[in-house]
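# Inside the fold
In case you want the letters, here they are:
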Amino acid sequence: MNRREFLKITAMAGAGVMLPYELQTLAAAIPPDMVIAHGALPQKVTQTAIEAMGGMKRFINKGDIVVVKPNIGWDRTPEYAANTNPVVVATLVRLCLEAGAKKVKVFDNPVNDARRCYVQSGIADAARRAGAEVSFTDERRFKDVAINGQALKTWPLYTDILEADKIINVPIAKTHGLTKLTLGFKNWMGVMGGRRGRIHFSIDEKLVDVARVIKPTLTVLDAVHILTAGGPQGGDVRDVKTLGIVAASIDPVAVDAFGATLFGLTGGDIGYVKLGHEAGLGTMDFQKLKIKKITI
Amino acid sequence: MRAARFFDSILKLKTSNLKLSFLRKASQAFFLLLFLFLFIQTQSKGFDTLGYPVRVFLDFDPLILATTFLAGHAVPKAMLLALATIVLTVLLGRVFCGWICPLGTLHNLVGAVPVRRKAVSAGLYRLKYYLLIVILAGSLFGLEVSGIFDPISIVIRSLTLSLYPLFNRVLMAVLAGADAVGGAGFTAGVYENLRGGVLAFNPPYYLQSAFIGLIFLAILLANLIQKRFWCRYFCPLGALLGILSRFSILGIKVSEGCTACGACAAHCQADAITDGGQGRKSSECLICFDCDDPCPSSAVGYGRLSRRAPLNLSRRGVVTSLASGVLLAPFLRLSPPVSNPLLIRPPGALPEPEFLKHCVKCGECMKVCLTGGLQPTLLEAGLEGVWTPRLVPRIGYCEYNCTLCGQVCPTGAIKRLTRAEKVEVVIGLATIDKSRCLPHSHARACIACQEVCPTSPKAVWLEEAAVKNHDGATVRLNQPHIDLQRCIGCGICEKVCPVSDRPAIYVTSLGESRSPDNQL
């Protein structure tokens, strides 16, 4: 064999030995579509979930104006699991700011009195301490948006969510008398103005219509404590189950489908999850995605 | 004796170097601003308590103390502060009227408008004493009407129901105008800072708003007829303090240097000057010191009073007032004793007869109500109960965890409750009008009522049903029902019902826990 051939064979042999190792690292470098983190401390669980998704820098660029949209809908203190866990919200706010976000806005359009909801949920205080700009929704900043969906033609939506660079949806998992469960899709009711009682007819179609217009960068499902009965208002701590789970995903349909399993249901059982899947907003067969499960 | 003379000399203030009328104006400004500050603070910031003593002006009001005691037979401890006002008046004269009362300050502001003022009948000052007698006599028989005429109550009620909403509307329009010029969101920062403070958190709307505003405007505009028109001729609190000041230890007095030129009389706000300038009627004098400046002999001072001008009420007037007060109570209660379904009282309200004996119609509860649901009655509680609070769920429901109305009520007409007590109080019951309800009659899924019901377990329970829609297809949906044992009548269901003009679920007063009769 001449020198050229020897070098060629050695190179190929070396590559052959290295290749599976390279592929593995390469595979590990592709971030997952969903992370399901489980542990005792909500701050650690949330942080771990985001880190496993590739870190907040995967989603937030320097100078971004981010909206972190929790559920602050109800006048309930955190142990009733009617609103998003304030620690989860604060952790997300902090991570966004550390990733270089210029501003992180936190708001919701609640059902009960907004002043009480913001204070009693603990979210306003926790988010503010983490550096967020917490504000009440201003009635004048709802603008009619042409939705042109299946059931909704137009609806007033909050301008801050339409103008944000990045949106992080952070709902809490609860039961609901009409939709069976309230997860990520239902959380968009908090950016809707107008008389929301009218949404209750063909609610699944209407939620999917709104979801077509709002594209979250990331959905983080708070399942640290879930409300298993009496939702969405809650009011009995005996209906609260502690799971210690935070699930993060780039696929809003998938994370809601996963959320359904926490209540013994599947994505197909939830009207808007099925419709969202059919509309192409994501997949309810979340097991087919690249999922990472972590227990702390 | 030496102590008395020492006391005397300190108080015989020579008014040439010390502008007492200026001090008085400064005091009036301070108390008006304090009053407005406390008024603004009478709103929720999201916490369980307010953190500010917003009702303190009412707590110091001796007229409210007197009628609450006579009609209700019990007074909240805080109201004993009113004894301080009585002591102050017995010592110093009607300084409350001249230096403290916020309505008095507003009178002064309007009264400063330079117009030719007509003379008013010299005896009209007696009217306020007759009115006071009517009010006190009536309260002996359980009638509580002092709040309609009490100046503190009038200002709080008028500001709450009319002026503050007007102010909000105007300011919001100004901001909208600025937005139109400067671009959308131009005033967002300003609005966010003012909102929940100077600007109401939610735009306030009240029934009878214009009517109450007009009454208040009339009271203020009367100052164009005579300065301090209300104070001189109508104010029952002024009358009460006037009776006390008849015997006040100190007051405005005129020294021997007075030449009876009468220059002071033209400036007197209260028409209290007698004997060509040499005398003062201590029951009418507001201690404003406006008589001081124009006096060419600097004869006006402040010190121990010796001469007492009589009140001069006619015996006929007194007897008529007494009789009117006594008869007024039964006269106003002639209506049939059937409960009004629209009369949903705030949680913590006393049973209706006691409630009417305590409520002074001050409007504090309506101001503080988170959702704006507490509204003034017109005739729903009878004539006796005009302007008392009732819940109108279509305007605002009763927030489950909130206890603010009981915290601000000065007389205990609405008891102060803990949250645990409050959520057990039933103020009414919800009823479903099936013919209007979407899932019951129109094959449309809804249950917004069940979703928002705050009790645990929910007072709205769902029954799965199969109904036919207009295409003849079968639709499976949930239909709501009320659990009468669990419903507390908060009205959030009525508020969110999408059949918004005449809600398919609505609350009436039936079942209110404070009433032994109004039960199923």
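About the thresholds
- Residues numbered from 1 in each chain as written.
- Chains lettered and ligands numbered in written order.
- Predicted model: local features only at pLDDT ≥ 70, side-chain atom pairs only at ≥ 80, totals over all residues.
- Helix = DSSP H or I, 4+ residues; strand = E, 2+ residues; numbered from the N terminus.
- Buried ≥ 20, exposed ≤ 12 C-beta atoms within 10 Å, placed from the backbone.
- Axes fitted to C-alpha atoms, helices over the stretch in contact; angles between N-to-C directions.
- Parallel < 35°, antiparallel > 145°, perpendicular 65-115°, else oblique.
- Left-handed = near helix turned anticlockwise from the far one by under 90°.
- Contact = placed C-beta atoms within 7 Å.
- Nonpolar A, V, L, I, M, F, W, Y, C, P; charged D, E, K, R; others polar.
- Pairing = 2+ DSSP bridges.
- Arc of directions from axis to C-beta.
- Domains from an automatic or database assignment.

Turning our attention to the overall build of chain B. The helix and strand inventory of chain B stands at 22 helices and 10 strands. Expressed along its principal axes, the backbone C-alpha trace of chain B runs to roughly 100 × 60 × 45 Å. In chain B, which comprises 520 residues, the proportion classed as buried is 49%.

Residues and elements named next belong to chain B. Interaxial distance between helix α10 (residues 151-182) and helix α12 (residues 209-221) falls to 9 Å at its minimum, and their mutual angle equals 120 degrees. Classed by the angle they form, the pair α10 and α12 counts as oblique. In the packing of α10 onto α12, the handedness of the crossing is left-handed. Contact residues: α10 offers Ile154, Arg157, Ser158, Leu161, Ser162, Leu163, Pro165 and Leu166, while α12 offers Ser209, Ile212, Gly213 and Phe216. Tallied by class, the residues present in the contact of α10 with α12 amount to 7 nonpolar, 4 polar and 1 charged.

In this section: the packing of helix α4 (residues 62-72) of chain B against helix α5 (residues 82-92) of chain B. Residue and element names in this part refer to chain B. Orientation of α4 relative to α5, taken along the N-to-C sense of each, is 125 degrees, at an axis distance of 8 Å. Considered as vectors, α4 and α5 are oriented oblique to each other. The handedness of the crossing between α4 and α5 comes out as left-handed. Listed contacts from α5 to Pro62, Ile64 and Leu65 of α4 are Ala82, Thr85 and Ile86. Across the contact of α4 with α5, the residue classes tally to 5 nonpolar, 1 polar and no charged.

Residue and element names in this part refer to chain B. Pairing between strand β8 (residues 460-468) and strand β9 (residues 474-482): 9 bridges, direction antiparallel. Residue pairing for β9: Ala466 is matched across the bridge by Arg476. In this structure, the hairpin formed by β8 and β9 is closed by a connection of 5 residues, where Gly472 is found at a positive phi of approximately 85 degrees.

In this section: α5 of chain B. Residue and element names in this part refer to chain B. Turning to α5, its buried residues number three or more, namely Ala82, Thr85, Leu88 and Thr89. Buried positions in α5, seen along its axis, are confined to an arc of 110 degrees and lie on one side of it. The outward face of α5, more than 90 degrees from its buried face, is lined by the exposed residues Leu83, Ala84 and Val87. In this structure, the buried side of α5 is in contact with α3 (56-59), α4, α6 (95-100) and α14 (236-245).

Attention shifts here to the environment of Glu79 of chain A. All names here are of chain A. With respect to the element layout, Glu79 can be found in the loop between β2 (65-70) and α3 (86-98). Glu79 sits in the exposed class, given 10 other C-beta atoms within 10 Å. Between the C-alpha atom of Glu79 and that of Ser121, which follows or precedes it by 42 residues, the distance is 9.1 Å. Excluding anything up to four places from it in sequence, Glu79 contacts Val237 and Val240.

When cut into domains, chain A gives domain 1 (1-30) and domain 2 (32-295). One C-alpha centre belongs to domain 1 of chain A, the other to domain 2 of chain A; they are set 46 Å apart.

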